[in-house]
Amino acid sequence: MLRSNGKYGHLIHNAGCSCANLALQQRSHYLSDYSRRNFLRGIGSVAAVGLMPMAGHAQTAIDPSRILFRRAKVFDGKSETLQAGVQVLVEGQKIVAIDKANNPPPDGTTVVDCADGVLMPGMIDAHWHTIYAAVPLQVLLAGDPGIIFAASTAEAERTLMRGFTTVRDLGGPVFTFKQAIDTGLIPGPRIFPAGAMITTSGGHGDLRMPSEIPAREGQLSLSEMMGSAAIVDDVGELKRRVREQLLQGASQVKLVGGGGVSSPRAPLDMTTFSEAEIRAAVDVARDWNTYVTVHAYASNTVQRAIAGGAACVEHAHLMDENTARTFADKSVWLSTQPFLSMDDTGSQTGVGAERAARLFLGTPKIYGYAKKFGIKTAWGSDVLFSPALTSRQNNMLTHLSNWYTNAEALRMATSGNADLLALSNLRTPYAGALGVIQKDALADILVWDGNPLDDFKLVEDPQRNLKVIVKDGRIFKNTL
Ligand SMILES: [Zn+2]
């Protein structure tokens, strides 16, 4: 798992730091305010660290590691133009300097010559399912945690190696999995977790087997016990389940507002929660200083989510123009996916194929509305149930070139998505800016062989074109 050289050289270093020394380091790095905010998370981290192999212990280093990137062309995540001939210094988990100076690096610095390749922030997927993305639905429904978490562990590494250093997870039992990544036990992206998808009976997310219907009083279904879904039909239950996700470390709350494509029993036109119920969840999230996002495709479902106070809506492929206007009027985020064909959703049959076809027709419309009304728009891939599809995560990003310039698309997948993540406010799991190359930002850095602002297709083959991947100041790939 933890290799002593090559791409995980730095992982060993950090794994070695994971006991008392890392705790000391972290105390000196973070503000006390951050420590307080992350008290609960810290308890979880200690539990996860307890699982870690001790083999790397001898390689513990107290000094923070330094990496100097030289001869880089920098896309900072915001500006449309590149800064040429720049060097970027990383110390510990943060970027500490960006300048044109050519000073000799301090002793012990790892120097990376970027050879005029483009250096940019790690990419962010605003709609991801860490536990579901690469696990076939039948395997998931069988509920054997061994195979589910083995597949998700392998996928978390692949996600990172495609250049995604952060994901917003919108459903799945991901809390301790996230801790395993954050503590260096397994490689993977940073995770902003929602935990269980909260739905009514019959909504997208109600994955009960026929034998589990009707619900037995006081008994949870398998998917609820796993933490995949929470099925609630009154306000009291709804508030309790929302609070349970937050107490486990949710950075945002995900409600299922209607039907979906991969849930044949929940038609796309159907709406689940009442406005008052959405409002109740929004109030609880607000009390925890974070926000609610709602899964919604149809206009009426989207409108109800916005009326109930959701700060973000997922998908919205079937909304009409008036509904789109409301996003801009109420300053609500649209987090959506450029689904163009079954290459993006996996092959569907029957009712699934009919529903997917409707989304493909909706995709160009919603990006048209987004541009027309200036809607705050986040990009996400929402890949589900297939390791073959997860490898197309990057293609889902380059689909944006149908409506945006390459720079606009890359900005959406970096600083733009980071602006959405910032809605998590005091429930943000990481201290420091994401999605930007700037002083004091978290050191999540990619270096491409070439310039994706000129040739966006480069992004589709990260294995070949992505030369360096750094997350949290640790080198996970360096082939320069
Ligand atoms: Zn989703």
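Residues numbered from 1 in each chain as written. Predicted model: local features only at pLDDT ≥ 70, side-chain atom pairs only at ≥ 80, totals over all residues. Heavy atoms only, no water.

## Some remarks on the coordination of the zinc ion
Stated formally: Here the term donor refers to an N, O or S atom within 2.8 Å of the metal (or 3.2 Å for Na, K and Ca), and because water is left out of the atoms, sites may appear incomplete. Counting from the N terminus, the helices are DSSP H or I runs at least four residues long and the strands are E runs at least two residues long. Burial here depends on accessible area, computed with a 1.4 Å probe over protein chains only, as a share of the maximum for the residue type. Under 20% is buried, over 50% is exposed, and the range in between is partly exposed.
For the zinc ion, every protein donor is listed as His 127 (NE2), His 129 (NE2) and Asp 382 (OD), and the spread of their distances is 2.0 to 2.3 Å. For the zinc ion, the donor residues sit on a single chain with the sequence spacing H-x1-H-x252-D. Of the two residues, His 127 is situated in strand β6 (residues 123-128) and Asp 382 in the loop between β15 (377-379) and α15 (387-390); the sequence distance between them amounts to 255 residues. Taking relative accessible area as the criterion, His 127 reaches 1% and is therefore assigned buried. Using a relative accessible area of 10% as the deciding quantity, one classes Asp 382 as buried.

## As for the nonpolar core
As a reminder of what qualifies: Joining through side-chain atoms within 4.5 Å is the link that ties buried Ala, Val, Leu, Ile, Met, Phe, Trp, Tyr and Cys residues into a set, and such a set is a nonpolar core. In this document the domain limits rely on a domain assignment from an automatic tool or a database. Note on contacts: a residue pair is in contact if any heavy atoms of the two residues lie within 4.5 Å.
Residues Ile 198, Leu 238, Leu 255, Val 313, Met 319, Phe 327 and Leu 397 are the most contacted members of the largest nonpolar core, which totals 71 residues. Among the elements that make up this core, the one with the highest residue count is helix α14 (residues 350-373) (eight residues). Looking at which domains feed residues into this core, each of domain 1 (7-53 + 124-403) and domain 2 (66-122 + 434-478) supplies at least three. Ignoring sequence-local partners within four residues, the contact set of Leu 255 consists of Ile 198, Leu 238, Phe 273, Ile 278, Ala 281, Val 292, Thr 293, Val 294 and His 295. Judged by nonpolar contacts, the second largest core, of 23 residues, contains Ala 133, Ile 181, Phe 385 and Leu 389.

## Quick word on the environment of Ala 433
Tracing the chain through its elements places Ala 433 in the loop between α17 (406-421) and β16 (445-448). Considering only alpha carbons, one finds Ala 433 and Ser 415, 18 residues apart in sequence, at a separation of 9.1 Å. Apart from the residues lying within four places of it in its own chain, the contact partners of Ala 433 are Gln 438, Asp 440, Ala 441 and Leu 442.

## Brief notes about the pairing of strand β12 (residues 292-298)
Along a regular strand, successive side chains alternate from one face of the sheet to the other. Threshold: Any two strands with at least two DSSP-identified bridges between them are counted as paired. Classification remark: right-handed applies to a crossover when, strands pointing away from the viewer, the course from the first strand over the helix to the second runs clockwise.
Most of β12 is tucked away: seven of the seven residues are buried. The pairing of strand β11 (residues 253-256) with β12 spans four bridges and is parallel. Across the sheet, Val 253 pairs through a bridge with Val 292, a residue of β12. Between β11 and its parallel partner β12, the chain crosses via helix α10 (residues 275-287), and the hand of that crossover is right-handed. For the segment spanning β12, helix α11 (residues 299-307) and strand β13 (residues 312-318), crossover handedness is right-handed.

## Considering helix α6 (residues 145-161)
Note the threshold: Each helix should span, by expectation, one fewer than its residue count multiplied by 1.5 Å. Think of a polar contact as two N or O atoms within 3.5 Å of one another; within protein, one of them needs to be a possible hydrogen donor and the other a possible acceptor, and neighboring residues in sequence only count if both atoms come from side chains.
With 17 residues, α6 ought to run about 24 Å at 1.5 Å a step, and its terminal C-alpha atoms sit 24 Å apart, in line with that. N-cap assignment for α6: the residue whose side-chain oxygen lies 2.9 Å from the backbone N of Gly 146 is Asp 144. Positive phi appears at Gly 163, one or two residues downstream of α6, with a value of about 100°.

## Concerning the packing of helix α9 (residues 235-247) against α10
For any two helices packed against each other, the geometry comes down to the angle between their axes and how far apart the axes lie. Applicable threshold: Axes, fitted as lines to C-alpha atoms, cover a helix only where it is in contact. Angles between the N-to-C directions of the axes lie from 0 to 180 degrees. We call a crossing left-handed when the near helix sits turned anticlockwise from the far one by less than a right angle, and right-handed when that turn is clockwise. We call Asp, Glu, Lys and Arg charged. Ala, Val, Leu, Ile, Met, Phe, Trp, Tyr, Cys and Pro are nonpolar, and the rest, Gly among them, are polar.
The interhelical angle for the contact between α9 and α10, taken along N-to-C directions, is 30°, at an axis separation of 9 Å. As α9 runs across α10, the sense of the crossing is right-handed. Here Val 235, Leu 238, Lys 239, Val 242, Arg 243 and Leu 246 of α9 come into contact with α10, specifically with Glu 277, Ala 280, Ala 281, Val 284 and Ala 285. In terms of residue class, the contact of α9 with α10 is made up of eight nonpolar, no polar and three charged.

## Regarding the pattern of salt bridges
Filter applied, for reference: Salt bridges, as used here, are contacts in which a Lys or Arg side-chain nitrogen is within 4 Å of a carboxyl oxygen on Asp or Glu.
Tallied over the full model, the rule gives 17 salt bridges. Glu 244 is the partner of Arg 241 in a salt bridge, and the nearest nitrogen-oxygen pair spans 2.7 Å. Residue Arg 241 and its partner Glu 244 are located together in helix α9, separated by three residues, close to a single helical turn. We classify Glu 244 as partly exposed; its relative accessible area is 27%. Between Lys 439 and Asp 440 there is a salt bridge, with its nearest N and O atoms 3.9 Å apart. For Asp 440, a relative accessible area of 47% corresponds to the partly exposed category. A single network of salt bridges, built from pairs that share partners, joins Arg 190, Asp 444, Asp 472 and Arg 474.

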